[in-house]
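Report on the structure
Below are the chains, spelled out letter by letter.
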Amino acid sequence: MTISNPIHLAEPMVERSSGRRDAIFKVRELEVTYSSKAAVRGITLDIAPNEVTAIIGPSGCGKSTFIRCFNRMNDLIPGAEVKGELLYHGLDLYGPRVDAVEVRKRIGMVFQKPNPFPKSIYDNVAFGPRVLGRKDDLDGRVERALQQAALWDEVKHRLKASALSLSGGQQQRLCIARCLAVQPDVILMDEPASALDPIATTRIEDLMQELKQSYAIVIVTHNMQQAARVADMTAFFSVDIADEGERTGILVEFDRTDKIFTQPSDQRTEDYVTGRFG
Amino acid sequence: MSTAAAPIGRPRRDVRGGLFYLLLLFSVGLALLTLAVLVGDVILDGGSWVTKTLLLDPPSVDPEIAGARPAILATIYLGLLVLLLTVPLGVATALYLEEYADKERWYNRFLEVNIQNLAGVPSIVYGILGLAFIVRGIGLGRVLLAGAIILTLLTLPTVIIASREAIRAVPDSIRQGAYALGATHWQVVRRQVLPAAIPGIATGSILALSRAIGETAPLLMIGALTYVSFDPTILGAFTALPVQIYNWIRQPQDEFKLLAAAAIIVLLVIMLLLNSVAIIIRNRYQKRW
């Protein structure tokens, strides 16, 4: 991981209460390469606050690679390189003086498979505040995060129990609580419900609707119905196969979700959302 | 009933599976039987010789009043020193190799191959090395500390390999989850990887230590004395239980051979105690969350 001089990112400039829709992220011609092979390229889109932005597309189209650019998780993969511009409140996240650790404090992430730490429920949620040195009122922080993640009532009597004793859906909500305890600005979700049953999935989807009142949410999903249900904006990614057989993810269409699903402007989008993807 | 209905009720004979199961039983049985015979023989020979004299008195030319107190103490000192030297060095090396080293670099690969090789080097070679470099080279002399250093070198590769396995067994999703919350590399290692790896590290370290305190050859090589009648000090001449046993077995009197068997029982008990410490540490850390 690159350790550069940590700078303090500007406080979120967006007034949440005002109806302004200044983009939180502006992505311009983004390209990610693994050992100089492009995984995705030419991505340009804006992510708005207080909205759920879904990224859909077939397997191998670079959805996960793309979402991991926002919190610089790709830094952890040897040989991964990000080109183009990714502006967060106007600041280039891949600029020379930006510390990846600082970025991840602002931009939280929930993973595909629930990954609670092998510790107590309390310690899971308290981990973020602890490593960030925010140790005042830790109990309050833990309680608020668990309440926001709609898990508090189920676990308040057994905060010292192992996080691994929770069900899959509870574990995923714990991971969301863990992420909220850091008080991020944005929540990234990489197929957060793909390992869950339909009831647990519904709870996560309801939760996303709650959370978007306060956060920008970017979600990767392979489930189109899910995108249609939860997302305000939808980006459709596809795979571009070059003459030499090299496969690269590209952004085909980015629009309001209802438009993507009812009157897409690109044939490839229409084929995909109507199930005629070939 | 239709004729197409195949008989599904009759169990099929799984001949190969059965044979394999028998083979497994045979292997386990052989190992257990060997152990039982060895332990039984030793207990029959030396059981009645495990006395207060053996535990608390210094050796003597008269087997009736001969004890192994200096050897027992030295073995405990050696064990503690080896643990103190091996665990920090071994765990640090394993953490470097697993969490920090760039595996593309030639020197890291070189390091890995060498550690694997060192684990297979016969202990007598470590004895020669110790004699040349530690006892004579840096002039430490034939002292207990020199013995502890040799045993440390001997156990280090095993501890490193066991610790690396334990660290590698920590799922990557844990690291990713911690990084995503804004933890630094150090915080991820210190607060997630290391605690999760402790049970494996403890098990590996204690098993390596058990082997070290049973070693005779390298200690003889650097000149552990076979007859020490005073309590050992770190910078003084020393013997150790395996060396004492070796010495007693060489004596012409039969009583000394029985005394050796009794000393073997003491050594086995010390090893069992060490192993149970490993199990306690493992269980404690597994239950902590």
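These remarks concern the structure in this document. What you see is a predicted model, and the numbers here were worked out from it, not measured in a lab.

With respect to the overall build of chain B
The number of helices and strands found in chain B is 11 helices and 0 strands. Going from the N terminus to the C terminus, chain B shows its helices and strands as α-α-α-α-α-α-α-α-α-α-α. Rg of the C-alpha trace for chain B: 25 Å, well past the compact-globule value of 19 Å for 289 residues, more than 25% over. For chain B, the spread of C-alpha atoms along the principal axes amounts to about 90 × 60 × 35 Å. Across the 289 residues in chain B, those meeting the buried criterion constitute 36%. When contacts within chain B are restricted to residue pairs at least 6 apart in sequence, long-range pairs at least 24 apart make up 75% of them.

Here's the deal with the environment of A212(B)
All names here are of chain B. Relative to the helices and strands, A212 resides in helix α8 (residues 185-213). On the basis of neighbour count, A212 is assigned to the buried category, with 27 C-beta atoms found within 10 Å. Along the chain, A212 and V135 lie 77 residues apart, while their C-alpha atoms are 19 Å from each other. Not counting the four nearest positions on each side in its chain, A212 is found in contact with V82, L151, L154 and T155.

Overview of helix α7 (residues 172-180) of chain B
Taken as a whole, α7(B) has its buried residues at R175(B), G177(B), A178(B), Y179(B) and A180(B). Two residues or fewer past α7(B), G182(B) is found with a positive phi of approximately 90°.

What about unusual backbone geometry?
Residue and element names in this part refer to chain A. Residue E29 is not a glycine yet carries a positive backbone phi of 50°. Assignment of secondary structure puts E29 in strand β1 (residues 25-34). Residue H89 is not a glycine yet carries a positive backbone phi of 50°. Considering the arrangement of structural elements, one finds H89 in the loop between β4 (80-88) and β5 (91-92). A tally of 19 C-beta atoms within 10 Å means that H89 is categorised as partly exposed.

Quick word on the interface of chain A and chain B
Taken together, the contact between chain A and chain B spans 25 residues of the former and 16 residues of the latter. Taken together, the residues of the side of chain A that touches chain B sort by class into 13 nonpolar, 6 polar and 6 charged.

Section: the pairing of strand β9 (residues 233-241) of chain A
All names here are of chain A. Sheet topology note: the strand β3 (residues 52-56)/β9 ladder contains 4 bridges and is parallel. Each residue of the ladder has a partner; that of T53, found in β9, is M233. Looking at chain direction, β9 and strand β10 (residues 247-256) are connected through 9 bridges and run antiparallel. Paired with T234 across the strands is D255, a residue of β10.

A closer look at the packing of helix α3 (residues 121-131) of chain A against helix α6 (residues 168-180) of chain A
All names here are of chain A. Their axes nearest at 7 Å, the elements α3 and α6 cross at an angle of 35°. Regarding α3 and α6, the two cross each other, and that crossing is right-handed. Of the residues in α6, those in contact with I121, N124, V125, F127 and G128 of α3 are L174, A177 and R178. Partitioned by chemical class, the residues of the contact of α3 with α6 number 5 nonpolar, 2 polar and 1 charged.

Definitions and limits used
- Sequence positions are assigned chain by chain, starting from 1 and proceeding in written order.
- Key to labels: chains lettered from A, ligands numbered from 1, both in the order written.
- Local features in this predicted model are restricted to residues whose pLDDT is 70 or higher, and side-chain atom pairs enter the listing and the counts only when it is 80 or higher, whereas totals over whole chains, interfaces and linings include all residues.
- The secondary structure listing takes helices from DSSP runs of H or I that are at least 4 residues long and strands from runs of E that are at least 2 residues long, numbered from the N terminus.
- With the radius of gyration taken over C-alpha atoms, the globule rule is written as 2.2 Å times the number of residues to the power 0.38.
- Here a residue counts as buried when 20 or more other C-beta atoms fall within 10 Å of its C-beta, as exposed when 12 or fewer do, and as partly exposed in between; the C-beta atoms come from the backbone.
- The contact rule is simple: place each C-beta atom from the backbone, and if two of them lie within 7 Å, those residues are in contact.
- Polar here means any residue other than Ala, Val, Leu, Ile, Met, Phe, Trp, Tyr, Cys and Pro, which are nonpolar, and Asp, Glu, Lys and Arg, which are charged; Gly is therefore polar.
- We call two strands paired when DSSP finds no fewer than two bridges between them.
- Here an axis means a line fitted to C-alpha atoms, over the contact stretch when the element is a helix, while the angle between two N-to-C directions is reported on a 0 to 180 degree scale.
- In a left-handed crossing the near helix is turned counterclockwise from the far helix by less than a right angle, and in a right-handed crossing that turn is clockwise.

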